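Spelled out, the chains give:
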Amino acid sequence: MKFLISLLILGGLSGQLFAARKDFKGLFGSYQREKFTENEAHDSDWGLDLSLSSMLPVSSVVTSITTTGGSASPMRYSTFFNLEGSLLFSLNYHWQFYASTGYFSYDTRKETQNNTAAKALFHMFDFKAIPVILGVRHRFGVEDLVPYLGLGAGVSRVTRKGSYDISGSAVNEQIDNAITGQVQGGLEFYFSPRAGLRLEIAAHFMKTPEFNFDSAGTGATDLPDIIYQPNIFSVRYSSGLFFLF
């Protein structure tokens, strides 16, 4: 009898322990986080995009001739630093039209030896551009991470300026309206239903004319020629925030 009672007690305890273990597994082992997507993927939306970007020139932006009868060589490498803003409009969600503008800045200099004065001479070049671009993107998903491809074209107000550090009179400035285009690809990441982060890379082109700044026409002598290069190709990187209304 004592043996049977002991078996019943042990059976009851083991059953309770088994139930406790089962409940424990049920509480934690079957837990799954519910899927939650911030991107509301409306058919149409207005939005605003603000970003910082830089462009790495693939073709030469400016060259110079530092010796009489010599050949032109590229000036020291520099990069564009840009501020950009876009107005966005989505159509059927997947097509996003944009109108963008910004401020692009580039400057570089090169050290040479002035033959008429025994001191170092820098010849300098500044490039400023204000683009206005219209374009369209196609978005490939409705999740929080959305890849896209885009194409845009427009005009840039381009100012190019050549100068020398020892001659205040030898300065040249050219202002042109340059046809501008870009092919882009990127990612949108929604961290809220109405806002997100954009990362983008693009091939960028500005159709600038060639111009040779020869300082001899300014009254200065023995100064390098500065040659503004045509048709500037660049790779553009940008990141920023977008907001939907």
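It should be emphasised that the depicted structure is a prediction, and the values quoted were computed from it without experimental measurement. (Residues numbered from 1 in each chain as written. Predicted model: local features only at pLDDT ≥ 70, side-chain atom pairs only at ≥ 80, totals over all residues. Heavy atoms only, no water.)

Caption draft 1: Expanded view of the sheet that holds strand β2 (residues 62–65). Pairing is antiparallel across the open sheet formed by four strands, whose spatial order is β3-β2-β11-β10. Here the strands that pair on one side only, and so sit at the sheet edges, are β3 (73–74) and β10 (211–213). Relative to β3, β2 is paired through two bridges, and the arrangement is antiparallel. Bridge pairing links Ser64 to Ser73 in β3. (Pairing = 2+ DSSP bridges. Helix = DSSP H or I, 4+ residues; strand = E, 2+ residues; numbered from the N terminus.)

Caption draft 2: Up close: the pattern of salt bridges. Inspection of the entire model under this criterion finds nine salt bridges. Notably, a salt bridge pairs Arg198 with Asp49, separated by 2.4 Å at the nearest N-O pair. Residue Arg198 is found in strand β9 (residues 195–207), and its partner Asp49 is found in strand β1 (residues 46–57); the two are separated by 149 residues along the sequence. In terms of burial, Arg198 and Asp49 fall into one category: buried. (Salt bridge = Lys/Arg side-chain N within 4 Å of Asp/Glu carboxyl O. Buried < 20%, exposed > 50% of the residue type's maximum accessible area, 1.4 Å probe, protein only.)

Caption draft 3: Representation of the nonpolar core in the model. Within the largest apolar cluster, 21 residues are counted, with the highest numbers of intra-cluster contacts made by Val61, Phe80, Phe125, Phe127, Tyr164, Met206 and Ile226. Dropping the residues within four chain positions of it, Met206 is found in contact with Met55, Phe80, Phe127, Ala129, Ser156, Val158, Ile179, Thr180, Asn231 and Ile232. Counting residues in hydrophobic clusters, the runner-up holds eight residues, among them Leu88, Tyr98, Tyr190 and Phe242. (Core = buried A, V, L, I, M, F, W, Y, C linked by side-chain atoms within 4.5 Å. Contact = heavy atoms within 4.5 Å.)

Caption draft 4: How the structure looks around the packing of aromatic side chains. On inspection of all chains with the given rule, the structure shows 10 aromatic pairs. Taking 5.3 Å as the distance between ring centres and 55° as the angle between the ring planes, the aromatic pair formed by Phe125 and Tyr228 counts as tilted. Placement of Phe125 in strand β6 (residues 120–139) and of Tyr228 in strand β11 (residues 225–228) is noted, with a sequence separation of 103 residues between them. Tyr228 matches Phe125 in its accessibility class, with the two residues each being buried. Between Tyr164 and Phe213, the ring centres sit 5.7 Å apart and the planes meet at 45°, which makes this aromatic pair tilted. In this pair, Tyr164 is assigned in strand β7 (residues 145–164) and Phe213 in strand β10, connecting sequence segments 49 residues apart. Classification of Tyr164 as buried rests on a relative accessible area of 4%. One aromatic cluster in this structure is built from Phe80, Tyr106, Phe125, Phe127, Phe211 and Tyr228. Residue placement shows Arg137 over the ring face of Tyr98; its charged tip is 4.3 Å from the ring centre. (Phe/Tyr/Trp six-rings, centres within 6.5 Å; stacked < 30°, edge-to-face > 60°. Lys NZ or Arg CZ within 6 Å of the ring centre and 35° of its normal.)

Caption draft 5: Main features of the environment of Phe80. Here Phe80 shows up in strand β4 (residues 80–91). In this structure Phe80 comes out as buried when scored by relative accessible area, which is 0%. Considering only alpha carbons, one finds Phe80 and Phe104, 24 residues apart in sequence, at a separation of 6.2 Å. The residues touching Phe80, leaving out its near neighbours within four places in the chain, are Ser53, Ser54, Met55, Pro57, Val61, Phe104, Ser105, Tyr106, Phe127, Met206 and Ser234.

Caption draft 6: Representation of the pairing of strand β12 (residues 232–244) within the structure. Because side chains alternate across β12, one face comprises the buried residues Ile232, Ser234, Arg236, Ser238, Gly240, Phe242 and Leu244, and the other comprises Phe233, Val235, Tyr237, Ser239, Leu241 and Phe243, none of which is buried. In terms of strand pairing, β1 meets β12 through 11 bridges, oriented antiparallel. Among the inter-strand pairings, Leu56 is bridged to a residue of β12, identified as Val235. Pairing between β9 and β12: 12 bridges, direction antiparallel. Bridging from a neighbouring strand, Phe205 pairs with Phe233 of β12.

Caption draft 7: Looking closely at the side chain of Glu188. Residue placement: Glu188 occurs in strand β8 (residues 167–192). Taking the relative accessible area as the measure of exposure, Glu188 reaches 1% and is therefore buried. Separated by 3.1 Å, the side chains of Glu188 and Arg139 make a polar contact. In contact with Glu188, other than residues within four places in its own chain, are Gln96, Arg139, Asp144, Leu145, Val146, Tyr148, Leu197, Arg198 and Phe242. (Polar contact = N/O pair within 3.5 Å; in protein donor to acceptor, adjacent residues only side chain to side chain.)

Caption draft 8: Focus on the environment of Leu244. Inspection of the secondary structure assignment puts Leu244 in strand β12. Of the residues examined, Leu244 reaches a relative accessible area of 13% and is grouped as buried. Ignoring anything within four residues of it in the chain, the contact list for Leu244 reads Asp45, Trp46, Gly47, Tyr190, Pro193 and Arg194.

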